[in-house]
Amino acid sequence: MRNFPYLKKSSLVVFSFAIFSFVGSIYQGSYIYDGFHWGLISSNAQDLLNGKKPYKDFFVHYGFLTVLLQSISLKIYNSVYSILILSSLFYSVSIILLAKLIEKFLSSNYVNLFVFIIIFMQPFIVYPWHTYFIFFTSVFSLSLFLKKNSISLFLFGFFIQLGFLFSESYKIFSIAIILLSIIILFFENQKLKNIIKKIILILLGYLLPLIAFIIYLYLNNLIDYWLLHSNIPNIFVNELNSNIWLLILSFISNYIFESINIFSESYYILGILINLSCIFFLIKTAQEKKINLDLIFISCFSLLLNFMLVFRHESFRFFCGPIIGLVILFYFINNFKDFNKYLSILILLFIAIISNPFEKGNSNRNFTNSNQKILSYNDSSILKFRGMNFTKDTWEHHIKLIEILKKINNKCKSVEFFYNATPDHYYYLIASDYLNSFQKIPGYSETTLKNYYDSMNTYFDSNIKNLMIEKIAKKNIVLMREDYNNSSIAIGKTKINLDNFYFKNLPFSYNNKKKLLYIPDNCTLN
Amino acid sequence: MNHNYKKIIIYFFLTVFSILIIIKYSISFLKNEILNVIKSDRFDVFIINILDQKIEKLANTEIPDKKKKFYKEKIDKILLKIKELD
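Residues numbered from 1 in each chain as written. Chains lettered and ligands numbered in written order. Predicted model: local features only at pLDDT ≥ 70, side-chain atom pairs only at ≥ 80, totals over all residues. Heavy atoms only, no water.

Draft legend 1. Here's a closer look at the state of the cysteines. Residues and elements named next belong to chain A. Applying the stated rule across the entire model yields one disulfide over all chains. What pairs with Cys412 in a disulfide is Cys523, and their sulfur atoms sit 1.9 Å apart. Measuring the twist about the S-S bond at about 80 degrees, one finds the Cys412-Cys523 disulfide to be right-handed. In this pair, Cys412 sits in the loop between α20 (392–411) and β3 (417–421) while Cys523 sits in the segment after β8 (513–520), placing the two residues 111 residues apart along the sequence. (Disulfide = S-S within 2.5 Å. Helix = DSSP H or I, 4+ residues; strand = E, 2+ residues; numbered from the N terminus.)

Draft legend 2. Representation of empty space enclosed by the protein. Residues and elements named next belong to chain A. A full pass over the atoms with the stated rule returns two cavities of 30 Å³ or more. Empty space within the largest cavity amounts to approximately 80 Å³. Around the largest cavity sit Ile41, Asn44, His61, Tyr62, Gly63, Thr66, Val67, Gln70, Pro128, Trp129 and His130, which together line it. In terms of residues, the lining of the largest cavity owes the most to one element, helix α3 (residues 64–77), which gives three residues. (1 Å grid on protein atoms, 1.4 Å probe; cavity = no way out; pocket = protein on both sides within 12 Å on 5 of 7 lines; lining within 4 Å. Points joined across faces, edges and corners; volume = space filled by probe spheres on them.)

Draft legend 3. Local environment of the interface of chain B and chain A. Taken together, the 20 residues of chain B in the interface contact 23 residues of chain A. For the pair chain B and chain A, the two sides together bury roughly 2,000 Å², of which 67% comes from carbon and sulfur. Among the residues of chain B in contact with chain A, B:Lys24, B:Tyr25 and B:Lys39 are the three that bury the most area, contributing 31% of the side total. Counting the contacts that link chain B with chain A gives two salt bridges. In this structure, B:Lys24 engages A:Glu359 in a salt bridge whose closest nitrogen and oxygen atoms are separated by 3.3 Å. In this structure, the connection of chain B to chain A is made through eight residue pairs in polar contact (both at pLDDT 80 or more). Here the element with the most residues in the side of chain B that touches chain A is helix α1 (residues 3–38) of chain B; it accounts for 16 residues. For the side of chain B that touches chain A, the residue count by class is 11 nonpolar, four polar and five charged. (Contact = heavy atoms within 4.5 Å. Buried area = accessible area lost by both parts, 1.4 Å probe. Salt bridge = Lys/Arg side-chain N within 4 Å of Asp/Glu carboxyl O. Polar contact = N/O pair within 3.5 Å; in protein donor to acceptor, adjacent residues only side chain to side chain. Nonpolar A, V, L, I, M, F, W, Y, C, P; charged D, E, K, R; others polar.)

Draft legend 4. Layout of the pattern of salt bridges. Residues and elements named next belong to chain A. Per the stated rule, a full pass over the model turns up 19 salt bridges over all chains. A salt bridge links Glu470 to Lys471; its shortest N-O distance comes to 3.7 Å. Taking relative accessible area as the criterion, Lys471 reaches 10% and is therefore assigned buried. Shared partners join several salt bridges into a network, and the residues in it are Lys148, Glu188 and Asp294. (Buried < 20%, exposed > 50% of the residue type's maximum accessible area, 1.4 Å probe, protein only.)

Draft legend 5. Spotlight on the packing of helix α5 (residues 108–121) of chain A against helix α18 (residues 338–355) of chain A. All names here are of chain A. Interhelical geometry of α5 versus α18 gives an angle of 25 degrees and a closest axis separation of 7 Å. Classified by the angle their axes make, α5 and α18 are roughly parallel. Along the contact surface, α5 presents Tyr110, Leu113, Phe116, Ile117, Phe120 and Met121, while α18 presents Lys341, Ile345, Leu348, Leu349, Ile351, Ala352, Ile353 and Ser355. Among the residues forming the contact of α5 with α18, the class breakdown is 12 nonpolar, one polar and one charged. (Axes fitted to C-alpha atoms, helices over the stretch in contact; angles between N-to-C directions. Parallel < 35°, antiparallel > 145°, perpendicular 65-115°, else oblique.)

Draft legend 6. Main features of the packing of helix α13 (residues 266–287) of chain A against helix α17 (residues 326–335) of chain A. All names here are of chain A. For the pair α13 and α17, interaxial distance at closest approach is 8 Å and the crossing angle is 70 degrees. The orientation of α13 with respect to α17, classified from their angle, is roughly perpendicular. Between α13 and α17, the contacting residues are Leu270, Leu273, Ile274, Ser277, Cys278, Phe280, Phe281 and Lys284 on the first element and Leu326, Ile328, Leu329, Tyr331 and Phe332 on the second. Partitioned by chemical class, the residues of the contact of α13 with α17 number 11 nonpolar, one polar and one charged.

Draft legend 7. Inspection of the packing of aromatic side chains at higher detail. Residues and elements named next belong to chain A. What the rule picks out here adds up to 64 aromatic pairs over all chains. Look at Phe90 and Phe166: their rings are 6.4 Å apart centre to centre, the planes differ by 75 degrees, and that puts the pair in the edge-to-face class. Of this pair, Phe90 sits in helix α4 (residues 80–105) while Phe166 sits in helix α7 (residues 150–166); the two residues are 76 residues apart in sequence, bridging distant segments of the chain. The class of Phe166 is buried, set by a relative accessible area of 5%. Both rings, one in Tyr452 and one in Tyr453, keep their centres 5.0 Å apart while their planes meet at 75 degrees; by these two values the pair is edge-to-face. An aromatic cluster of at least three residues, connected via ring pairs, comprises Phe90, Phe133, Phe136, Phe140, Phe154, Phe158, Phe159 and Phe166. It is Lys373 that lies over the ring of Tyr31; its NZ or CZ is 5.9 Å from the centre. Over the face of the ring belonging to Tyr77 we find Arg386, whose NZ or CZ atom lies 4.2 Å from the ring centre. (Phe/Tyr/Trp six-rings, centres within 6.5 Å; stacked < 30°, edge-to-face > 60°. Lys NZ or Arg CZ within 6 Å of the ring centre and 35° of its normal.)

Below you can see the structure in the form of structure tokens.
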């Protein structure tokens with residue numbers, strides 16, 4: 001390290017891991033075929049690139065900024081692969097920032113321990129999801145708040161707001177954190193004038209991006225459509241036949257009962273330890289005269305981030321949110337005497353190692369076994385999947401689809417639209433290069449996920465049924481369907497007759513199963 | 001607490017944890033190997049060969065009437081289910 005005196009050993013460990021995580025996430029992700037999740041976000045990004053209006057012309061699942069950033073990456077490389085790179089980059093940078101945060105309060109040994117825990121418990125990204133953007137804004141804004149100068153406080157508010165724009169599920173959290181930061185400022189021994197100045201800076205940072213976003217919506221007449229999206233949480237809660245209080249209750253009981261499965265769900269135990277240490281820290285602080293406001297803020301920040309797990313308790317959500325509370329857990333361990341300290345570290349090491357990222361499970365959901373990798377390869381003929389590695393049957397399935405779509409484009413000028421009646425949103429993404437679509441949600445299901453899509457359509461695409469009746473009557477549409485060989489297509493409770501259509505089978509593949517492309521009978525392809 | 005007791009406790013946990021970790025990783029290794037075999041082309045060929053062999057064997061051996069009846073009933077039942085789709 002003689003040539004790099006400024007580079008500490010722990011920094012080298014963190015940077016090495018960040019690079020490992022970045023490369024590993026991309027490498028592993030390239031073998032994953034997930035048309036539902038990855039297809040959804042890439043279709044959204046493609047819709048924005050195609051000039052469609054967010055919220056009005058297509059459904060924005062989480063936040064506008066997520067779609068914007070992903071569409072920029074899609075513009076650069078024009079493949080799902082670029083979105084994978086983007087999420088991996090955000091995760092790696094967030095890991096570095098969190099390590100820096102730990103180093104601010106504790107010795108470099110704890111940074112190494114943190115890296116060790118992440119290596120075993122969540123080394124790579126799972127989905128190219130907004131969660132990784134939220135992780136970045138959370139850790140970065142927290143670091144900015146702790147600096148407490150004018151610029152950093154302004155940026156703190158700014159990045160908290162960006163978190164909301166990345167995912168609207170961040171709304172209540174962002175308001176709570178801004179309020180908490182203001183309360184913390186009042187506890188600092190400063191002049192009132194100074195405190196007010198700081199509060200104004202935070203609020204200015206918080207409101208500026210929101211105002212810019214609202215101006216954008218207003219100029220494009222999108223405000224009403226955006227407000228409609230605030231119903232998303234209700235739809236998901238209704239889907240589960242539950243309410244928010246029951247969800248919170250099941251979240252708590254999940255924490256308690258799932259932690260018993262230490263072999264497969266060891267991150268639950270880490271979660272319990274982190275949350276308990278944050279709660280205990282707050283209780284302990286309330287009884288003391290000398291208080292550490294920074295650690296109080298981190299405790300509250302971490303506890304509030306548990307909101308990410310209430311709807312669905314998944315390991316990647318935990319490692320993009322409440323994991324920040326590791327600072328508090330480490331702080332307690334550091335204050336233990338020798339024996340207790342060693343025992344605690346030993347238990348933490350055990351929890352981490354038992355998680356095992358070398359199998360498909362909570363710590364590494366994208367784990368692909370070696371034979372699968374051998375059988376997978378990249379086919380450069382499909383631009384949207386450039387860089388991705390799929391098996392032969394999957395490539396053949398999609399190549400056939402493109403072949404048919406090209407023929408339709410050349411031979412049947414009357415056919416203008418594509419409708420995806422499957423939950424594999426990749427079909428929508430691929431077809432958008434050849435045909436138009438009026439679907440706001442890029443998929444549908446006539447079978448297992450019918451209820452989910454029907455309730456989404458009720459709110460966000462209520463006119464879909466009428467449009468379908470019109471296009472099918474005009475015979476200017478092709479439909480991708482699951483293997484549901486029926487002469488009518490069901491949208492909600494309405495059945496639309498497909499007598500004037502014939503279908504072409506797409507080759508069966510393990511990932512896609514059997515799919516049928518319905519084509520109007522006035523469009524002959526042979 | 002006595003220094004020796006502390007040492008014993010640490011060693012105890014170390015041993016228990018090590019055993020559990022070895023068990024977990026061994027099971028995981030086995031699972032991965034099994035999945036590797038199942039998802040390989042060689043396994044597909046193996047299954048097809050076995051199937052061919054069984055069909056061949058069935059075709060070339062005397063089938064008792066009781067068995068014939070059983071096969072007919074079951075195959076008819078499956079065919080009926082397929083016909084229902086049409």
